[in-house]
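One letter stands for each residue in the lines below.
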Amino acid sequence: MSVTVAPTVEAMIWLPKEGQVIAKVPPRKGNFRWLHHTLEIRSPSLEGDRWSLPRNCLMKFVMAAIDRFGYVAVYRDMSKLSRCTKSCLDAMGMECDCSCLGAHHGESSGGWFERVGDAVVADLGEIARTKVVYGPKGAEGGAQVYRGQLQGRTYSVTRAGRSDWPKAADFMCPSCVTARAQVWDHCHTHGFVRAPLCNPCNTRHWSGWRPVNGRAMPSHNLDTNYYRWCPRHGERGQACSA
């Protein structure tokens, strides 16, 4: 099976055959608030550098992680013996654990993200552990200038909640104004969509980035005016998140 390596996969989640899913994201202040309040995941528990999350939050986490980190690697323990069903085809890419090892997952989903690369990483007898990388879908044609089409909209990680959203890739990134956008940025403090950003602009504000880690320092040509698309930007009290 061929493997496509996605650039800078920072978020990972593992779906075992039983029990909670295990997620790993870059350590950052506000991760609990992001998981618990923005994504409405009940009782996220941090043990070391791993988050234990309820199994029913898998889709929420993957969709939001794509917006926050650009790409997410999903590890699954898949049964080699079970048969594919309609629920597999409608699985949005990751929700079942049948014998196709994910090859047919999401064919009927109409999702806004796509598989970037996949591989079988371990053979465990009747179970195979697979790794699939997901990223945002691109757009064809010229990129538009973003003019606040989703201003005032609450950020959503459900298919129904995003049914009338344009793809982020329909627009130019309003931060650097040099690249096509990839993901929808949102204010983690207030929960509103702000703007479509390219992945470098969306992630270079992380406080944990250091040159010794091979990360780019913030550039002076970045425009953070897109913060103002949060309706509560500038209010006294809790400032908008970076």
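Note that the structure is a prediction, hence the values are computed from the model and not measured.

**Structural notes on the overall build of the chain**
And then number 1: Each helix and strand counted, the chain has four helices and nine strands in total.
And then number 2: Helices and strands in the chain line up, N terminus first, as β-β-α-β-β-α-β-α-β-β-β-β-α.
And then number 3: The proportion of buried residues among the 242 residues of the chain is 47%.
And then number 4: Contacts spanning at least 24 positions in sequence make up 59% of the contacts within the chain whose residues lie at least 6 apart.
And then number 5: Entry remark: accessible area of the chain is about 12,300 Å², with carbon and sulfur atoms responsible for 50%.

**Focus on the packing of helix H1 (residues 31-38) against helix H2 (residues 58-69)**
And then number 1: One way to put it is that H1 packs onto H2 with a least axis distance of 12 Å and a crossing angle of 135 degrees. Considering their axes alone, H1 and H2 lie oblique with respect to each other. Note on packing geometry: the crossing formed by H1 with H2 is right-handed. Between H1 and H2, the residues in contact are Asn31, Trp34 and Leu35 and Phe61, Ala64, Ala65, Arg68 and Phe69, respectively.
And then number 2: Across the contact of H1 with H2, the residue classes tally to six nonpolar, one polar and one charged.

**Focus: H1**
And then number 1: Every buried residue of H1 is listed here: Asn31, Trp34, Leu35 and Thr38. Down the axis of H1, the buried side of the element spans an arc of 115 degrees, and every buried residue falls inside it.
And then number 2: Looking at the buried residues of H1, the elements they touch are strand E4 (50-53), H2 and strand E8 (183-186).
And then number 3: Just past H1, the residue Glu40 takes up positive phi, approximately 55 degrees.

**Looking at the pattern of salt bridges**
And then number 1: What the rule picks out here adds up to seven salt bridges.
And then number 2: Its salt-bridge partner being Arg50, residue Asp49 comes within 3.2 Å of it at the nearest N-O pair.
And then number 3: On the accessibility criterion, Arg50 (41% relative accessible area) is partly exposed.
And then number 4: Across the pair Arg232 and Glu235 runs a salt bridge, and its minimum N-O distance is 3.2 Å.
And then number 5: Given the relative accessible area of 37%, Arg232 is considered partly exposed.
And then number 6: Under the relative-accessibility criterion, Glu235 is labelled partly exposed at 39%.
And then number 7: Bridged by salt links that share partners, the residues Lys24, Asp49 and Arg50 form one connected network.

**A word on the side chain of Arg194**
And then number 1: For Arg194, the position within the fold is in strand E9 (residues 193-197).
And then number 2: In this structure Arg194 comes out as buried when scored by relative accessible area, which is 0%.
And then number 3: Among the polar contacts listed, one links the side chain of Arg194 to the side chain of Asp185, at a separation of 2.6 Å.
And then number 4: Not counting the four nearest positions on each side in its chain, Arg194 is found in contact with Tyr146, Asp185, His186, Cys187, Tyr226, Tyr227, Trp229, Cys230, Cys240, Ser241 and Ala242.

**Structural notes on the nonpolar core**
And then number 1: Core analysis: the largest hydrophobic core is formed by 45 residues, its most contacted members being Ile13, Leu35, Leu39, Leu53, Phe61, Val72 and Trp184.
And then number 2: For this core, the element with the most residues is H2, which contributes nine residues.

Cut-offs and rules
Residues numbered from 1 in each chain as written. Predicted model: local features only at pLDDT ≥ 70, side-chain atom pairs only at ≥ 80, totals over all residues. Heavy atoms only, no water. Helix = DSSP H or I, 4+ residues; strand = E, 2+ residues; numbered from the N terminus. Buried < 20%, exposed > 50% of the residue type's maximum accessible area, 1.4 Å probe, protein only. Contact = heavy atoms within 4.5 Å. Areas by Shrake-Rupley, 256 points an atom, 1.4 Å probe, with all protein chains shown as cover. Axes fitted to C-alpha atoms, helices over the stretch in contact; angles between N-to-C directions. Parallel < 35°, antiparallel > 145°, perpendicular 65-115°, else oblique. Left-handed = near helix turned anticlockwise from the far one by under 90°. Nonpolar A, V, L, I, M, F, W, Y, C, P; charged D, E, K, R; others polar. Arc of directions from axis to C-beta. Salt bridge = Lys/Arg side-chain N within 4 Å of Asp/Glu carboxyl O. Polar contact = N/O pair within 3.5 Å; in protein donor to acceptor, adjacent residues only side chain to side chain. Core = buried A, V, L, I, M, F, W, Y, C linked by side-chain atoms within 4.5 Å.

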